[in-house]
Each structure stands twice: as C-alpha cells, then as structure tokens.
Amino acid sequence: MHHIPEDFLQPLGEGIYAIDTGFQRPRFDAAYLIVEAGRAAFIDTGTNHAVPRLLAALASLGLTPDCVDWVIPTHVHLDHAGGVGLLMQSLPHAQVLVHPRGLRHMIDPSALFKGALAVYGAEEMQRSYGELQPVPAERAQASFDEQTIHLAGRPLLLIDTPGHARHHHCIWDARSQSWFTGDTFGLSYREFDQDGRAWLLPTSTPVQFEPEALRASVQRLLSYAPQSMLLTHYGRIGHNAEDVQRLATLLLGQVQQMEDLGLALRSASERHTQLKLGLQEIYLQSLRAHGCPLPEQAQLDLLAMDIELNAQGLAVWLDKQPA
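Note on numbering: residues in each chain are counted from 1, in written sequence order. pLDDT decides what is reported in this predicted model: residues at 70 or higher carry local features, side-chain atom pairs at 80 or more are listed and counted, and totals for whole chains, interfaces and linings draw on all residues regardless. Note that the side-chain values use all heavy atoms of the structure and ignore hydrogens as well as water.

### Describing the environment of P211
Worth spelling out the cut-off: Helix and strand definitions here come from DSSP, where helices need a minimum of 4 consecutive H or I residues and strands a minimum of 2 consecutive E residues; each element is numbered from the N-terminal end. In what follows, residue pairs with any heavy atoms lying within 4.5 Å of each other are defined as contacts.
Mapped onto the elements, P211 comes out in helix 7 (residues 211-222). Residues P211 and Y189, 22 residues apart in the sequence, show an inter-C-alpha distance of 22 Å. Apart from the residues lying within four places of it in its own chain, the contact partners of P211 are V255, E259 and W317.

The structure is reproduced here in structure tokens:
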C-alpha cells in the first residue's frame, strides 16, 4: 500500500473534491469526486496506483464504496482511466459511463495496454500503470452527446468534445457552473500560477490531435459561460466567466501557433527536433508574457514531457494532411 499524504484531497465547494492521484509528480494528475446527498461520482480515476487514494477520499468524507453511483472517465488515456477497472472492483453499485469510442477499451483493455506498452516499455508500464483490469460489460455504458445523468437529483450533462482525442467527452455541472474538461481545455500546472492567475497550454498527444475539432469543442464549452474549468492536469482554473475567456484565448492562440509551426516544418529535416524547439519557444514566450517568475530551465523541466508528446501529436496530424 502506497503511503497516502494527508493533503491529497482538496475541497472545491459545491460538493466537489479534487484528489491528487500522485501520478508522476504532486499536483499533476487529478481525479474528481462529486458528492450529493450522500451519493458520489468519480470523474477520471488516475491509474491503478491511485485507487487507494480514491477509496481513502471516500472514507475521509464519511462515505462507503457503495455510495458511488458513477465512474466517468473523460477519455480512455491511462492517466485518466487506467484505474477504472480496479476501482470498480471495490464499488458494488457503480456504473462506468464512457465515450462510445472508448467503451470497448474499458471492457477489454488489452489493446490500450499494448498501445501504451509500445510507447513506454514494460518496466515503465508496471511502475506507472500496473495491470489494467477489465470492467464487466454489464457495468459499463456509452455516453451520448447532450446526455444528462443525475447524481441524487443533481444533473450532470455530457457533451462530445473531440480535438485532443476522439474518445473524449466533457461533463457540465450546472450547480457549480463548471466543466470537467479532461484534456480538452489543455493543461495548467500550479507551478506557473502568477498572482492567482493560471497559465495553460494545449495538449495534442499522439494520435488524434485535430486542431479544427479542438477549436469547435472549446467554443462549445465556452457557450455555457462557465465560471471555472476543472482540469485533470491540474485542478480548478478560472475565477469567473471573464477569466475563463482569457484562458480560452490563450489556449486557442497557442493551437494556432502549433498549427503554423507544424505546417512551416512539414518537410524539415530533423523534423521532430525542430518541432520541439519551436514548441519550446512558443511556451517560453507565452510564459514571459504571463510574468512567470521561474527560471527558464525550470519552466522547460516542467514542460519536458508535454513538449515531447505535443511534438509527436503535431507530427501525426501533419502526416494526415493532404499534400
């Protein structure tokens, strides 16, 4: 059993809690718990290694595992959904609600595991993810666009939000006027906060980055005039509708810069290296404008994995473009 730090559970008001899953580094990967009238729902779970924390979060709020009605991964990437199958083994009444393109991967995670294994290797898979557990087919269902479910009467609305991945939905909580955005509204690390203002960047991870679809998804999220966004990486950002709009402008501006960079380097030699250097420049410039006090090397260290993955995601998108 991993030692569970006391501060891994953060109350955000309106019965919403962020749980630091402990993946990679502190405050990098969040799962969310919504509690309403003694019933509960998890949105994203982190990996298998997060399951003890998720169960400890319930216990610390005086809830038992049979209080959980829903487990809702935003999409099936392993830092969001890797722990779903294992968690479900402890939750006798819960149903998994997943994007229709992700459903088969929850019921049979072998393809998902193989894909990640090819990228990360066996040792890293064991260290970071563990053995993926299937969800029994009768305990998993596909969401549909504009579906509303209820948690003890509290409505949660799901919409289809491609762009980062085609198997992605976001969840609207009307009570808090906020979206659980998974990776659709980008990544925002608390280390970059400046005077309480968040900074964020898009995430294009291989293999389904689609800038046009991402723009449309972000616009759709904004059409609800959200007061805040609840990101898996990491936590709640946005103080009000105006601040959320500022963040969206920042995000979409970078999506455009990524596209332009990719197209300019489309036939470059050493393309991957060039993409990484270009992305690095985009982020450093944006962080300078944000007033980030961290030294540049510290900024790059925090973003190293994202620069690598975004360069890969851009390359996959470029190779799909008509000549």
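### Some points on the nonpolar core
This is how it is decided: What is meant by a nonpolar core is a set of buried Ala, Val, Leu, Ile, Met, Phe, Trp, Tyr and Cys residues, joined one to another through side-chain atoms within 4.5 Å. Note on exposure labels: buried denotes an accessible area under 20% of the residue type's maximum, exposed denotes more than 50%, and partly exposed covers the range between, all computed with a 1.4 Å probe on protein chains only.
With 66 residues, the main nonpolar core has I19, L33, F42, V71, Y283 and L303 as its most contacted residues. A per-element tally of this core places helix 10 (residues 296-320) first, with 9 residues. For F42, the residues in contact, after removing those within four places along its chain, are I19, Y32, L33, L54, L58, V68, W70, V71, I72, L87 and L91.

### Observations regarding the packing of aromatic side chains
In plain terms, the rule: Two aromatic rings, drawn from Phe, Tyr or Trp (for Trp, its six-membered ring), form a pair once their centres lie within 6.5 Å of each other, and the interplanar angle then sorts them: stacked below 30 degrees, edge-to-face above 60, tilted otherwise. Each ring is checked for a lysine NZ or an arginine CZ that lies within 6 Å of its centre and within 35 degrees of its normal; such an atom marks a charge sitting over the ring.
Taken as a whole, this structure holds 12 aromatic pairs when the rule is applied. Considering the side-chain rings of F23 and Y129, the 5.6 Å spacing of their centres and the 45 degrees angle between planes classify their relative orientation as tilted. Taken together, the positions of F23 in the loop between strand 2 (16-20) and strand 3 (30-36) and Y129 in the loop between helix 6 (122-128) and strand 7 (140-142) put the pair 106 residues apart, joining distant regions of the chain. Each member of the pair F23 and Y129 is classed as buried. Ring geometry for Y120 and Y129: centres 5.7 Å apart, planes at 40 degrees, overall tilted. The exposure class assigned to Y120 is partly exposed, which follows from its relative accessible area of 36%. Classification of Y129 by relative accessible area gives buried; the value is 5%. Here the aromatic cluster, defined as three or more aromatic residues joined through ring pairs, consists of F23, F28, Y120, Y129, Y189, F192, W199 and Y283. When the ring centre of Y189 is taken as reference, the NZ or CZ atom of R25 above it lies at 4.6 Å.

### Side note on the sheet that holds strand 10 (residues 169-173)
We apply this condition: At least two DSSP bridges between two strands are needed for those strands to be called paired. A fitted line through C-alpha atoms represents every axis, and for helices the fit uses only the stretch in contact; the resulting angles, taken between N-to-C directions, go from 0 to 180 degrees.
Overall, mixed pairing links the 6 strands, which are arranged 8-9-10-11-12-13 in an open sheet. The open sheet has two free edges, formed respectively by strand 8 (147-151) and strand 13 (235-237), since each of these has just one partner strand. On average, each strand axis in the sheet is tilted by 25 degrees relative to the strand beside it, whichever way the strands run. Summarising the sheet, strand 12 (residues 228-231) and strand 13 pair through 3 bridges and their orientation is antiparallel.

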